[in-house]
Amino acid sequence: MTSEISTIEAMLAVGIALSVDAFQALLDFFGIGIFLNWMITFFIEGMFGWWFFSKGVKLLSKKSLLSFFLPAGIEFIPLVDMLPAITIGVISTIGVSWAEGYAKMATEQSES
């Protein structure tokens, strides 16, 4: 199963991730983020995980584990979650997915 993430979908996902990261940074700035950001992170990472899975991204591969779950783990550290880790995770997971797709296409073309 190959990834089916289009450029438009990728841009929308990155926009959503940027918005969530900005909102979490704002909550941290006002001191509310320490209490709420872990819930927001849990929800949004679950939604992105479901979306990636539905698009055919294998989240349990070594590369995807690093690109998706490492930034997600960083988001659970108070005040460090002000970094745009959700956005970095989404961009890197999309990049890994596209690279794996291109590598698979190149392999198929070279075999035929």
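Residues numbered from 1 in each chain as written. Predicted model: local features only at pLDDT ≥ 70, side-chain atom pairs only at ≥ 80, totals over all residues. Heavy atoms only, no water.

1. As for unusual backbone geometry
Right, on to step 1. Its identity as a non-glycine residue notwithstanding, Leu 79 has a phi of 70°, on the positive side.
Right, on to step 2. Mapped onto the elements, Leu 79 comes out in the loop between helix 3 (62–74) and helix 4 (85–111). (Helix = DSSP H or I, 4+ residues; strand = E, 2+ residues; numbered from the N terminus.)

2. Notes on the packing of aromatic side chains
Right, on to step 1. A full pass over the atoms with the stated rule returns five aromatic pairs.
Right, on to step 2. Taken together, a centroid distance of 5.3 Å and an interplanar angle of 75° make the contact between Phe 29 and Phe 30 edge-to-face.
Right, on to step 3. A relative accessible area of 62% means that Phe 29 is categorised as exposed.
Right, on to step 4. Residue Phe 30 is classed as exposed on the basis of its relative accessible area of 58%.
Right, on to step 5. Seen in terms of ring centroids, Phe 52 and Phe 68 are 5.6 Å apart; in terms of plane orientation they differ by 85°. Their pairing is edge-to-face. Of this pair, Phe 52 sits in helix 2 (residues 33–54) while Phe 68 is found in helix 3, placing the two residues 16 residues apart along the sequence.
Right, on to step 6. Three or more aromatic residues link up through ring pairs in this structure, and these residues are Phe 48, Trp 51, Phe 52, Phe 68 and Phe 69. (Phe/Tyr/Trp six-rings, centres within 6.5 Å; stacked < 30°, edge-to-face > 60°. Buried < 20%, exposed > 50% of the residue type's maximum accessible area, 1.4 Å probe, protein only.)

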